[in-house]
There are 2 protein chains.
Amino acid sequence: MKIAVDAFGGDNAPLEIVRGAVLAISEMPEDDIVLVGNEQKLQEILQAESAQTERISICHAEEVIGTGESPVEAIRAKKNSSLMVALSLVKNNEADAVVSAGNTGAYLAGAFRVLGRIKGIKRPALTTAMPTMVDRPSVILDVGANADCRPEHLVQFAEMGSIYASHVLHIDNPRVGLLNIGAEEAKGNALTKEVHGLLKENEEINFVGNIEPRDVLCGDVDVIVCDGFTGNVVIKLIEGTASSLFSMLKKVFYKSLKTKLAAAVLKPGLKEIKGKMDYTEYGGVPLLGIDGVVFKAHGSSNAIAMKHAILAARQYAAAGINEKIKDIVMAAKAEDEAAEQTE
Amino acid sequence: MKIAVDAFGGDNAPLEIVRGAVLAISEMPEDDIVLVGNEQKLQEILQAESAQTERISICHAEEVIGTGESPVEAIRAKKNSSLMVALSLVKNNEADAVVSAGNTGAYLAGAFRVLGRIKGIKRPALTTAMPTMVDRPSVILDVGANADCRPEHLVQFAEMGSIYASHVLHIDNPRVGLLNIGAEEAKGNALTKEVHGLLKENEEINFVGNIEPRDVLCGDVDVIVCDGFTGNVVIKLIEGTASSLFSMLKKVFYKSLKTKLAAAVLKPGLKEIKGKMDYTEYGGVPLLGIDGVVFKAHGSSNAIAMKHAILAARQYAAAGINEKIKDIVMAAKAEDEAAEQTE
């Protein structure tokens, strides 16, 4: 298997990206990585890191898409960017998966343009594995690819999220919850009220009802379904709340010599909590519904996070998730057609 | 001034509610409180608390609306409930404001039914003062009264929130932010994109642009505007995240004797953080846009929280906020009519 890595995407590109690839390659002895970006610079880094190996190749790409650039304009104007070239490697079957820590919007738009959707999937979704209070993460989608959604989109998110949770996170019969304000079926906005009914009837998934925002981190459900606006609010707000609380804690710790000494005793435990709340530990997340294996690493990814993202992409590709999504979509379509003929 | 208090609303009713009223009355020497609920029980509590005063009277109401009851059915079936009778005291000018810690949905629906909206206000909004990293809270609305909103509703939320922040929280020229996924104007869903344009043109408010979920607790804006679904997700998710983090901290603290001793040193500072994240400290929140002063205290309010809510309602009534909302709505209407005539 060969994984394409956009070596010039993300806040710490290219050095940490290359280092992440080097770490990853040592954990996947059968596979190859192709680094996409300025060949000379990448050669220099590999030399400096003494990390030259036959299994890491370079595909030259002149341009770079910055984090702040307008996605649609960037992918139109920079066809030779590391991001677009990396995507095209998957399109041309020169790579089995692609990983980038670059501009999310451009990556989404580029994946859509270059690879397209899985046939039958209405809207690809950005999917994140969230930390929880229990020992396994919950999958949440969509977290930002689709700000406005129709009910049928959320139903497909539920189906794709279930496949992901079961085949990548190895969760048996994953429990699907609909993010909603209130536990009762009749609660919510027009979208969630309609989606609740559709999910209840859906036999492809294990729908367990609404999940309230208060319980998102409790790990009571394995897949959390919502529109992309709400999902993006959720992950950014958790991040913001945790970070605000940690800065308040820091102030308490640095108040006096006494508190500093006390904080030192608690440090290992606190570090563990911080690690748990840190999404990068969970590696990259897939763009579910794109016709190709497309993984997004956090923009601030370091080498460790990149390694996790590359390994996650490899695992996803090996598990044949997209084929499973295609099967379910086709089954649903056949069912709809059969129902139409009966009517 | 006379404040009506629903003595049988909330998890700790009636004892803590009555105690809260007793605490409040001692801080408002010119005013009266009328406790609404079962007269005999309330007499007994006042006697037991040795808190009989001429300034606390009782208005008998036989029925109680529970937290779990369906709002619409409850207000229809229980016209003699403490909640509905308390609202009617304001309607009949027998009280200047009403405070309840009871069933939020029933309170909203009851206020709408009994008191109606301020003329010109399309949707009343539930408003919360949120803790922030700086020393003053931010106002956020709507946090749950309207799950589905149109752009013009959010514009009115911005106007009402500004008046509240300036006249109750005494924030000069309050900065209004639109909760959105992304800082740029073009980001967001169909609703926020349209609202951004409308707020930018609005001369009644000091609009400073989008605020991202990550920054909600930073205190960079004074009024945060969003639809009721998103707002409800925001406040419940902050509560849930904070509570999850505190339980993780607790585990770290109780790990060993050494960590227990260290935690004891840090306890005062940690308690301060917990207090900051505790909404009840900020007292009750108004139903902005209702034609009457209607304050909601947290369902789990204790005596201190009730005292704060009663004092906040008193201050709100004294500041004549609803009259100011009426003025702005009328000015906007006159402007619209003038614009129509010019066309």
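Below is a short write-up of the structure. Quick caveat, the model's predicted, so the values are computed rather than measured.

A word on the environment of A:Gly299. Residue and element names in this part refer to chain A. Relative to the helices and strands, Gly299 resides in the loop between β11 (294–296) and α10 (303–319). Taking C-alpha positions, Gly299 is 16 Å from Met130, a pair spaced 169 residues apart along the chain. When near neighbours in sequence (up to four residues on either side) are disregarded, Gly299 contacts Gly10, Asp11, Asn12 and Ala101.

Bringing the pattern of salt bridges into the picture now. Following the criterion strictly, the structure yields 26 salt bridges over all chains and no others. Of the charged contacts, one joins A:Glu185 and A:Lys200 as a salt bridge, the two residues approaching to 3.0 Å between their closest N and O atoms. One end of the pair, A:Glu185, is in the loop between β7 (175–179) and α7 (190–201); the other, A:Lys200, is in helix α7, with 15 residues separating them in the sequence. The shortest N-O distance in the salt bridge between B:Glu239 and A:Arg214 comes to 3.5 Å. Of this pair, B:Glu239 sits in helix α8 (residues 228–253) while A:Arg214 sits in the loop between β8 (206–211) and β9 (223–225), each in a different chain.

This part is about the packing of aromatic side chains. Residue and element names in this part refer to chain A. Enumeration over the complete set of coordinates arrives at four aromatic pairs over all chains. Ring geometry for Tyr164 and Tyr316: centres 6.1 Å apart, planes at 45°, overall tilted. One end of the pair, Tyr164, is in helix α6 (residues 151–167); the other, Tyr316, is in helix α10, with 152 residues separating them in the sequence. According to the relative accessible area criterion, Tyr316 is buried, its value standing at 2%. The interplanar angle of 75° and the centroid separation of 5.4 Å between the aromatic rings of Phe295 and Tyr316 together place this pair among those described as edge-to-face. Highlighted residues: Phe295 in strand β11 and Tyr316 in helix α10, separated in sequence by 21 residues. Accessibility assignment for this pair places Phe295 and Tyr316 in one class, buried. Three or more aromatic residues link up through ring pairs in this structure, and these residues are Tyr164, Phe295 and Tyr316.

This part takes up helix α5 (residues 104–114) of chain B. Looking only at α5(B), the buried set comprises B:Ala106, B:Tyr107, B:Leu108, B:Gly110, B:Ala111 and B:Val114. B:Gly116 occupies a position one or two residues after α5(B) and carries a positive phi of about 75°.

Of the residues lining the interface, 50 residues belong to chain A; the matching set on chain B comes to 50 residues. Both sides of the chain A and chain B interface together cover about 4,500 Å² of buried area, and 78% of this is carbon and sulfur. The largest contributions to the chain A side of the interface with chain B come from A:Arg214, A:Phe229 and A:Leu237, which together make up 15% of the buried area. Taken together, chain A and chain B are joined by four salt bridges. With a shortest N-O distance of 3.5 Å, B:Lys236 and A:Glu212 are connected by a salt bridge. The interface formed by chain A and chain B holds five residue pairs in polar contact (both at pLDDT 80 or more) in total. Elements supplying a minimum of two residues to the side of chain A that touches chain B: α7, α8 (228–253) and α9 (257–276) of chain A. For the side of chain A that touches chain B, the leading source of residues is α8(A), giving 21 residues.

Procedures and definitions
- Residues numbered from 1 in each chain as written.
- Chains lettered and ligands numbered in written order.
- Predicted model: local features only at pLDDT ≥ 70, side-chain atom pairs only at ≥ 80, totals over all residues.
- Heavy atoms only, no water.
- Helix = DSSP H or I, 4+ residues; strand = E, 2+ residues; numbered from the N terminus.
- Contact = heavy atoms within 4.5 Å.
- Salt bridge = Lys/Arg side-chain N within 4 Å of Asp/Glu carboxyl O.
- Phe/Tyr/Trp six-rings, centres within 6.5 Å; stacked < 30°, edge-to-face > 60°.
- Buried < 20%, exposed > 50% of the residue type's maximum accessible area, 1.4 Å probe, protein only.
- Buried area = accessible area lost by both parts, 1.4 Å probe.
- Polar contact = N/O pair within 3.5 Å; in protein donor to acceptor, adjacent residues only side chain to side chain.

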